[in-house]
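Analysis of the macromolecular model
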Amino acid sequence: MNVTKKRLPMEDETLYRLAELFKVFGDPTRIRILYTLFGQELCVQDIANKLSMTQSAISHQLRILKQMSLVKFRRDGKTIYYSLADDHVATIMDQGLEHVCE
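First, a word on what this report is: a plain description of the structure on this page. (Residues numbered from 1 in each chain as written. Predicted model: local features only at pLDDT ≥ 70, side-chain atom pairs only at ≥ 80, totals over all residues. Heavy atoms only, no water.)

1. Details of the sheet that holds strand 3 (residues 79–84)
How we decide: Here, a strand pair is defined by DSSP locating no fewer than two bridges between the strands. The helix count covers DSSP runs of H or I at least four residues long, the strand count covers runs of E at least two residues long, and both are numbered beginning at the N terminus. Note on contacts: a residue pair is in contact if any heavy atoms of the two residues lie within 4.5 Å. Every angle, taken between N-to-C directions, lies between 0 and 180 degrees, and every axis is a line fitted to C-alpha atoms, over only the stretch in contact when it is a helix.
With respect to topology, 3 strands assemble into an open sheet ordered 1-3-2, the strand pairing being antiparallel. If you trace the sheet from one side to the other, it starts and ends with strand 1 (42–43) and strand 2 (71–76), each paired once. Docked against the sheet, helix 4 (residues 55–67) engages strand 2 and strand 3, running at close to 115 degrees with respect to strand 2.

Structure representation (structure tokens):
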């Protein structure tokens with residue numbers, strides 16, 4: 001459904017949650033992590049290697065992405081694998097990129 005056809009949610013809590021969601025996209029490292037997870041599941045070490053960053057830095061950002069339900073995880077023994085939470089995340093990223101590239 002096109003958002004312009006919807007009524008603006010007037011509940012403060014809903015607007016606050018939407019603003020918090022968009023804040024998460026304000027960090028280039030988190031954007032890079034989300035793009036790295038497009039179509040694949042990776043552990044922290046793999047993400048860190050691909051982005052040439054420390055595991056600690058990646059873990060910190062993944063914690064924020066998990067809190068906002070943008071990534072999900074599964075445990076396999078001692079290793080935790082991360083992936084995009086759902087298709088909405090990829091859609092938000094694709095539409096945002098399309099918008100800035102116009």
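2. Structural notes on the nonpolar core
We count it as follows: Only buried residues count toward a nonpolar core, which is a set of Ala, Val, Leu, Ile, Met, Phe, Trp, Tyr and Cys residues joined through side-chain atoms within 4.5 Å. Working definition: with a 1.4 Å probe on protein chains only, accessible area under 20% of the residue-type maximum means buried, over 50% means exposed, and in between means partly exposed.
Counting residues in each nonpolar core, the largest one holds 21 residues, and the members touching the most others are Leu34 and Leu62. Breaking this core down by element, the ones donating at least two residues are helix 1 (12–24), helix 2 (28–36), helix 3 (44–51), helix 4, strand 3 and helix 5 (87–101). It is helix 3 that contributes the most residues to this core, 4 residues altogether. Among all residues touching Leu62, those that are not within four sequence positions of it are Ile33, Val44, Ile47, Val71 and Tyr82.

3. Topic: the side chain of Thr36
Mapped onto the fold, Thr36 is located in helix 2. The contacts of Thr36, once residues within four sequence positions are left out, are Leu42, Lys50 and Leu51.

4. Observations regarding the packing of helix 2 against helix 3
Stated formally: Reported orientations rely on four angle classes, namely roughly parallel under 35 degrees, roughly antiparallel over 145, roughly perpendicular from 65 to 115, and oblique for the rest. Two helices cross in a left-handed way if the nearer one is turned anticlockwise from the farther one by less than a right angle. They cross in a right-handed way if the turn is clockwise. The classification used treats Ala, Val, Leu, Ile, Met, Phe, Trp, Tyr, Cys and Pro as nonpolar, Asp, Glu, Lys and Arg as charged, and all other residues, Gly among them, as polar.
Axis separation between helix 2 and helix 3 bottoms out at 11 Å; the angle between their running directions is 115 degrees. Between helix 2 and helix 3, the angle is such that the two are roughly perpendicular. In the packing of helix 2 onto helix 3, the handedness of the crossing is right-handed. Between helix 2, through Arg32, Ile33 and Thr36, and helix 3, the contact on the second element is made entirely by Ile47, Lys50 and Leu51. Counted by class, the contact of helix 2 with helix 3 contains 3 nonpolar, 1 polar and 2 charged residues.

5. Some remarks on unusual backbone geometry
Of note, the phi angle at Ser52 is positive, near 55 degrees, even though the residue is not glycine. Following the sequence through the fold, Ser52 ends up in the loop between helix 3 and helix 4. Phi is positive for Ser69, close to 60 degrees, though the residue is something other than glycine. Within the secondary structure layout, Ser69 lies in the loop between helix 4 and strand 2.

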